[in-house]
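Chains, contacts and geometry: an overview
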Amino acid sequence: MAGSTPFRKRRFRKAGEPAETQVAITGPETGPGVPGGSAPEAAAVPADTAPAVPSDTETDEGSRHRSGARRLLSVKSGVRRGGEGLRGVVLYIAERIIENAPRVPVRDLATLRAQFPGLGPDQLADKLISGAANATSTVGAGIGAAAMLPVPPAMPAELAAEVTGVAAIELKLIAELHEVYGQRPPGTLKDRSLAYLTAWTEERGVDLTKPTTLNAALGGQMKRELRQQIMKRMFRNLPNLMPFMVGAAVGAVMNRRDTRKLADKVRKDLRDRAVPWSALEDLPPLERPTEPLPEATRAALEGPAAEG
C-alpha cells in the first residue's frame, strides 16, 4: 500500500553469531499509547558486553574497602609504636628499681625495738605496715596532684617516678618485716637486696630453707617477673593521672590498698616461719648503703608518713 511503512524482513541469525537483544526505545513521541507514534525500533546490544563505566555502588564499595584498609594499617602502626614506647618505659623502671634496691636503708631488729619500745613482733609489724601505707599513699596523692593538667610526654615520667618511689618504700617494708620475724637472709648487702627484690616481685616472703630463693640472680626469669609486676603497677596507677585533682584522691587510696595487700601476703609467709626474739642469735648490724638514693625516692622514704 502506498505511503505505508515498508515491510522489514527479519534476518535469520547464522550459526556462531552473537544473539541480539531487543531493547525498546520509548520516548515522548514514540511511547506506547501516544497517538500517531511509530512502532518502537529495537536496538541491538550484545549480551556479553560489560558496562564501560562502573556503577556508583561499586565505586563506593571500593572506596570504603581502601579506606578501611588504610585505617587498619594506621591502627596497627599506632599499637606497635605504643607497645614499643611502653616496653621502653617498663625497662627503664625495672633498671631503676634494680639499681635502687641495694641503696634502700633498712633498720635492723635492734634499731626497730629501740625506736618502738614495748611492742611485740605483731605490734611492731603493724606499726611498720601502717607507716609504709601512709608513705605510698602520700606518693600517689603527690603524683595525682602533679597530673592535674597533664602533658602527654610527661605522663610516662610521672608513672615512672611513682612506681620507683613506691617500690623503694615497699622494699624497705619487706626487709624490715623479715627482721621483725627473725628471717634475715644470709649474705652480703647485695645478696639480701636481691632476695627482697624477689620477694617484692613475687609478693611473698623469703623462704630461708630454699636455696633458690636465697641465690636469686637477675636472670631472664627474674627480670620477666619484675617487668610483669611493674606493668601491673603501671596499669593500676593510670587513674592517678586523671585531672582536676581526682587522680590525687584515687592515687592515695589505691597505693595504700596495694601496699597493705602486699604486706599481708609477705607477713603471712613470715609468720609461719617466725623465730621468737628470745631464740634469735645475736646478728651483726646491717650494713649501710654506700650510694644514696635519688633525691625524689629518698624524700619519699624519709617523709613524715614513712616512719609510722
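Since the structure is predicted, the reported quantities are computational estimates derived from the model, not experimental observations. (Residues numbered from 1 in each chain as written. Predicted model: local features only at pLDDT ≥ 70, side-chain atom pairs only at ≥ 80, totals over all residues. Heavy atoms only, no water.)

Here the focus is the overall build of the protein. Broken down by element type, the protein carries 9 helices and 2 strands. When the helices and strands of the protein are listed from N to C terminus, the series reads β-β-α-α-α-α-α-α-α-α-α. Working note: accessible area of the protein is about 18,700 Å², and carbon and sulfur atoms make up 59% of it. (Helix = DSSP H or I, 4+ residues; strand = E, 2+ residues; numbered from the N terminus. Areas by Shrake-Rupley, 256 points an atom, 1.4 Å probe, with all protein chains shown as cover.)

Turning next to unusual backbone geometry. At Glu203, a residue that is not glycine, the phi angle is positive and equals roughly 55 degrees. One can find Glu203 in the loop between helix H5 (189-202) and helix H6 (211-214). Residue classification places Glu203 among the buried positions, given a relative accessible area of 17%. (Buried < 20%, exposed > 50% of the residue type's maximum accessible area, 1.4 Å probe, protein only.)

What follows covers the side chain of Asp108. For Asp108, the position within the fold is in the loop between helix H1 (56-100) and helix H2 (109-115). Buried within the structure, Asp108 lacks any salt-bridge partner; Arg184 is the closest side chain of opposite charge, at an N-O distance of 4.9 Å. Leaving out residues up to four positions away in the same chain, Asp108 has contacts with Glu179, Arg184, Pro285 and Leu286. (Lys, Arg positive; Asp, Glu negative; His and termini not counted. Salt bridge = Lys/Arg side-chain N within 4 Å of Asp/Glu carboxyl O. Contact = heavy atoms within 4.5 Å.)

On average, residues of the protein score 74 in pLDDT, and 57% of them are at 70 or above. Predicted confidence in the protein is weakest over strand S1 (residues 20-24), with a mean pLDDT of 46, and strongest over H2, with 95. Counting contacts from residues 20-43, a segment whose pLDDT is below 50, to residues more than four positions away or on other chains yields 24 contacts. (pLDDT = per-residue confidence, 0-100.)

Applying the stated criterion across every chain, the model contains 3 cavities of 30 Å³ or more. In this structure, the largest cavity occupies an estimated 140 Å³ of space. For the largest cavity, the lining is made up of 14 residues, of which Val104, Val106, Leu189, Ser193 and Tyr196 are closest to its centre. Elements supplying a minimum of two residues to the lining of the largest cavity: helix H4 (155-180) and H5. Looking at which element gives the most residues to the lining of the largest cavity, the answer is H5, with 4 residues. (1 Å grid on protein atoms, 1.4 Å probe; cavity = no way out; pocket = protein on both sides within 12 Å on 5 of 7 lines; lining within 4 Å. Points joined across faces, edges and corners; volume = space filled by probe spheres on them.)

Attention now goes to helix H9 (residues 295-302). Since the α-helix turns once every 3.6 residues, residues separated by three or four places project in the same direction. For H9, the full list of buried residues reads Thr297, Ala300 and Leu301. All buried residues of H9 project into a common sector of 95 degrees when viewed along the axis, lining one side. Across H9 from its buried face, at more than 90 degrees, point the exposed residues Glu295, Ala296, Ala299 and Glu302. (Arc of directions from axis to C-beta.)

Under the counting rule described, the total for this entry stands at 15 salt bridges. For Arg204, the salt bridge is made with Glu202, and the minimal N-O distance between the two is 2.4 Å. Note that Glu203 is salt-bridged to Lys232, the shortest N-O span being 3.5 Å. Here Glu203 is found in the loop between H5 and H6, whereas its partner Lys232 is found in helix H7 (residues 220-237), with 29 residues between them in sequence.

Taking 1.5 Å per residue as the helical rise, H5 with its 14 residues ought to reach 20 Å, and the 20 Å between its terminal C-alpha atoms agrees with that figure. Burial analysis of H5 places 10 of its 14 residues in the buried class, the great majority of the element. For H5, every residue scored as buried is listed here: Arg192, Ser193, Leu194, Ala195, Tyr196, Leu197, Thr198, Ala199, Trp200 and Thr201. Where H5 ends, the next residue or the one after it, Glu203, has phi of about 55 degrees, a positive value. (Expected span 1.5 Å × (residues − 1).)

Moving on: the environment of Arg184. Take Arg184: it is sitting in the loop between H4 and H5. Setting aside chain neighbours within four positions, we find Arg184 in contact with Asp108, His178, Glu179, Arg192, Tyr196, Leu208, Leu283, Pro284 and Leu286.

Structurally, the position occupied by Thr164 is in helix H4. Look past the residues within four positions of Thr164 in its chain and what remains in contact with it is Ile93, Arg96, Ile97 and Thr297.

In this structure, Ile93, Ile97, Leu197, Trp200, Ile230 and Met234 are the most contacted members of the largest nonpolar core, which totals 52 residues. Of all the elements in the fold, those that place two or more residues in this core are H1, H2, helix H3 (121-146), H4, H5, H7, helix H8 (246-272) and H9. Take this core: its biggest share by element is 13 residues, from H4. The contact partners of Ile97, leaving out residues within four places of it in the chain, are Val163, Thr164, Ala167, Leu197, Trp200 and Ile230. (Core = buried A, V, L, I, M, F, W, Y, C linked by side-chain atoms within 4.5 Å.)

Attention now moves to the environment of Met222. The residue Met222 is located in helix H7 in this model. By relative accessible area, which is 8% here, Met222 ends up buried. A sequence separation of 24 residues divides Met222 from Thr198, and the C-alpha atoms of the two residues are 7.4 Å apart.

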